[in-house]
Amino acid sequence: MTAILGYADLLQDADQKPIDRANSVATIRRNGEHLLTVINDILDIEKIEAGKISVETKTLDASDALRGALESNRPYADRFGVHMVLKGATAGILASADPARLAQVLANLLSNASKYSPPGGEVWVATEVLPETVRFSVRDFGPGIPESFQPFVFEKFMQNRNEASRSGVDSTGLGLNITKRLVEAMQGTIGFETEAGKGTTFFFDLPRAV
């Protein structure tokens, strides 16, 4: 908010050059988007903790859900020069999930992977059929999660300050905590695998539907 107000004051300067005005507007927008993310994340956390989170489970095609998430989040990945790749999604695999909450979970994981991928890198997404569940996975090829931070990945307000992470990446430290809670609300489980210098894969399993 301080940045937004500061650059708004600069815009009031009649002597400011057009290019400076454009930069000020861009900065205000960027900080406004981050502030909106913070507000939405805090509201989601409060709803979840108050037991007011709504989950309407339906039968849906896992591959369709995954493809929809890719299309919706591709512009965000483009901002970081990252290419999303669908590595596996067999049509006709049915899962029990809330479509809106599933989209939110995938958006959180895709945006997180995009932020911590190297420019020009890829984010791999896939679905896999397990005996009783459908597994969704999102893999990046970033720096990986330090061993010291791994126990706290899903905790509230925890952020990985790994020096290899991209400079200037904004985070509320709530996204993965919300993601875990939403997956569990849909009767699923979530986890991750990571290796220093080679990247991280987040995966979550949801019940299969017949």
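Residues numbered from 1 in each chain as written. Predicted model: local features only at pLDDT ≥ 70, side-chain atom pairs only at ≥ 80, totals over all residues. Heavy atoms only, no water.

## Observations concerning the confidence of the model for the protein
Taken residue by residue, the protein gives an average pLDDT of 82. The fraction at 70 or more is 77%. Here residues 163–168 scores under 50 on pLDDT; set against residues more than four positions off or in separate chains, the count is 11 contacts. (pLDDT = per-residue confidence, 0-100. Contact = heavy atoms within 4.5 Å.)

## Focus on the sheet that holds strand 7 (residues 199–207)
Pairing in this open sheet of five strands is mixed, and the strands run 2-4-5-7-6 from one edge to the other. The outermost strands of the open sheet, each flanked by one partner alone, are strand 2 (83–88) and strand 6 (189–195). In this sheet, adjacent strand axes meet at a mean angle of 20° when their direction is disregarded. The sheet contact formed by strand 4 (residues 122–129) and strand 5 (residues 133–139) spans six bridges and is antiparallel. Following the sheet pairing, Glu128 is matched in strand 5 by Arg135. (Pairing = 2+ DSSP bridges. Helix = DSSP H or I, 4+ residues; strand = E, 2+ residues; numbered from the N terminus. Axes fitted to C-alpha atoms, helices over the stretch in contact; angles between N-to-C directions.)

## Here we look at the packing of helix 4 (residues 99–115) against helix 5 (residues 175–185)
Interaxial distance between helix 4 and helix 5 falls to 9 Å at its minimum, and their mutual angle equals 150°. When you trace helix 4 past helix 5, the crossing you get is left-handed. Contacts from Arg101, Gln104, Val105, Asn108, Leu109 and Asn112 in helix 4 reach Gly175, Leu176, Ile178, Thr179, Leu182 and Val183 in helix 5. In the contact of helix 4 with helix 5, the residues fall into six nonpolar, five polar and one charged. (Left-handed = near helix turned anticlockwise from the far one by under 90°. Nonpolar A, V, L, I, M, F, W, Y, C, P; charged D, E, K, R; others polar.)

## As for the nonpolar core
Within the largest apolar cluster, 39 residues are counted, with the highest numbers of intra-cluster contacts made by Leu102, Leu110, Val123, Phe136, Phe204 and Leu206. Looking at this core, the elements that each hand over two or more residues are helix 3 (62–79), strand 3 (94–97), helix 4, strand 4, strand 5, helix 5 and strand 7. No other element matches the six residues that helix 4 contributes to this core. Apart from the residues within four sequence positions on either side, Leu110 is in contact with Ala69, Leu70, Asn73, Met84, Val123, Val125 and Val138. (Core = buried A, V, L, I, M, F, W, Y, C linked by side-chain atoms within 4.5 Å. Buried < 20%, exposed > 50% of the residue type's maximum accessible area, 1.4 Å probe, protein only.)

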